[in-house]
Amino acid sequence: MKLLIVNGPNLNMLGMREPAIYGHATYEDLKNLVKTTCKTHQIEYHIFQSNHEGALVDVIQAAYDVYDGIIINPAAYTHTSIAILDALKAVGLPAVEVHLSNIHERETFRQRSYAGMACQHTIMGKGIEGYQEAILYLKDELAMMID
Ligand code: DQA
């Protein structure tokens, strides 16, 4: 099982970035949690972060026929990017949307998620642990699809 984990703009700044909203865990902590979780469950993965919309689209497109599922936190592009939505729909892989914060309890402009329209599940408001939950969710979903 191979998962692609995609992170959007400013997530590389985790830890120092608005800790009251996003927590104190750093992007390195997030990568370590993903590494440990995937190792425990024998899942191959690639984790990618970019501040550029086109780079996020490129990595999603390249996932076709390579990965079994996608976990994505498009960050601010969640609320603006039809290109990321279209890329997710184009590759058609099972996808889970993750947000560290609970976007439903925040500003009105964060209420709409375009990427979420192509995801079968959303996890929000759980900090970096949300990524762990997303990995385990996809693992179970993919196992059911193979059965
Ligand atoms: C975020 C929520 C977005 O609204 C915001 O722009 C981010 C991070 C989250 O993980 O909570 O950058 O996706």
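Up top is the structure.
For clarity, every value in this text was computed on a predicted model and none was experimentally measured.

Asks: Would you take a moment to explain the overall build of the protein for this structure?
Replies: Regarding its fold elements, the protein presents 5 helices and 5 strands. Counting from the amino terminus, the protein carries its helices and strands in the arrangement β-α-α-β-α-β-α-β-β-α. In terms of overall dimensions, the protein is globule-like: its C-alpha atoms have a radius of gyration of 14 Å, near the 15 Å expected for 147 residues. Based on the C-alpha atoms only, the size of the protein along its principal axes is roughly 40 × 30 × 25 Å. Once local pairs closer than 6 in sequence are excluded, the contacts in the protein between residues at least 24 apart make up 75%. Carbon and sulfur atoms form 51% of the exposed surface of the protein, whose accessible area is close to 7400 Å². Across the protein, the 11 positively charged side chains and the 17 negatively charged ones have centroids separated by 3 Å.

Asks: What am I meant to see in the pattern of salt bridges here?
Replies: Once their charged atoms are close, side chains differing in charge can pair, the charge on each being opposite to the other. Under the criterion given, the structure shown has 4 salt bridges. The residue Glu28 makes a salt bridge to Lys31 at a minimum N-O spacing of 3.7 Å. Of this pair, Glu28 and Lys31 both sit in helix H2 (residues 27-40), separated by 3 residues, roughly a single helical turn. Take Glu28: its relative accessible area is 47%, and that puts it in the partly exposed class. Its salt-bridge partner being Arg110, residue Glu107 comes within 2.7 Å of it at the nearest N-O pair. Judged by its relative accessible area of 34%, Glu107 is partly exposed.

Asks: Mind showing me how you'd approach the site of the ligand here?
Replies: All residues adjacent to the ligand are Arg17, Tyr22, Asn73, Ala75, Ala76, His79, His99, Leu100, Ser101, Ile103, Arg106 and Arg110. At 3.2 Å, a backbone N or O of Ala76 approaches an oxygen atom of the ligand. When the ligand is considered free in solution it has 320 Å² of accessible area, and contact with the protein chains removes 99% of it. Among the residues forming the shell around the ligand, the class breakdown is 5 nonpolar, 4 polar and 3 charged.

Asks: Just checking my understanding: could you explain unusual backbone geometry for this structure?
Replies: Only a minority of non-glycine residues have a phi that is not negative, and only a minority of peptide bonds are not trans. In this structure, Glu18 is a non-glycine residue whose phi angle is positive, near 35°. Among the structural elements, Glu18 can be located in the loop between strand E1 (2-7) and helix H1 (19-22). The backbone phi angle of Ala75 is positive, close to 55°, even though this residue is not glycine. Mapping Ala75 onto the fold places it in the loop between strand E3 (69-73) and helix H4 (82-91).

Asks: Would you take a moment to explain the nonpolar core for this structure?
Replies: Nonpolar side chains tend toward joint burial in soluble globular proteins. Residues Val34, Ile71, Tyr131 and Ile135 are the most contacted members of the largest nonpolar core, which totals 24 residues. Among the secondary structure elements, those contributing two or more residues to this core are E1, H2, strand E4 (95-99) and helix H5 (129-146). What Ile71 contacts, discounting residues up to four positions off in sequence, is Leu3, Leu4, Ile5, Val6, Val96, Val98, Tyr131, Ala134, Ile135 and Leu138. One finds Leu56, Ala63, Tyr67 and Ala115 within the second-largest nonpolar core, a separate group that totals 22 residues.

Asks: When you look at the sheet that holds strand E2 (residues 44-49) in this model, what are you seeing that I'm missing?
Replies: Pairing between sheet strands relies on hydrogen bonds along the backbone, with the strands arranged either parallel or antiparallel. The strand order E2-E1-E3-E4-E5 describes an open sheet built from 5 strands, whose pairing is parallel. Looking along the sheet, the strands with just one partner apiece sit at the ends: E2 and strand E5 (121-124). Ignoring which end each strand starts from, the neighbouring axes of this sheet average 15° apart. Bridge count between E3 and E4: 3 bridges; the pairing is parallel. From the neighbouring strand, Ile72 faces E4, where its bridge partner is Glu97. Along the sheet, H5 contacts E1, E3, E4 and E5; its crossing angle with E3, the most-contacted strand, is approximately 155°.

Rules used in this analysis
- Residues numbered from 1 in each chain as written.
- Predicted model: local features only at pLDDT ≥ 70, side-chain atom pairs only at ≥ 80, totals over all residues.
- Heavy atoms only, no water.
- Helix = DSSP H or I, 4+ residues; strand = E, 2+ residues; numbered from the N terminus.
- Rg over C-alpha atoms; globule rule 2.2 N^0.38 Å.
- Contact = heavy atoms within 4.5 Å.
- Areas by Shrake-Rupley, 256 points an atom, 1.4 Å probe, with all protein chains shown as cover.
- Lys, Arg positive; Asp, Glu negative; His and termini not counted.
- Charge placed at Lys NZ, Arg CZ, Asp CG, Glu CD.
- Salt bridge = Lys/Arg side-chain N within 4 Å of Asp/Glu carboxyl O.
- Buried < 20%, exposed > 50% of the residue type's maximum accessible area, 1.4 Å probe, protein only.
- Near = heavy atom within 4 Å.
- Polar contact = N/O pair within 3.5 Å; in protein donor to acceptor, adjacent residues only side chain to side chain.
- Nonpolar A, V, L, I, M, F, W, Y, C, P; charged D, E, K, R; others polar.
- Core = buried A, V, L, I, M, F, W, Y, C linked by side-chain atoms within 4.5 Å.
- Pairing = 2+ DSSP bridges.
- Axes fitted to C-alpha atoms, helices over the stretch in contact; angles between N-to-C directions.

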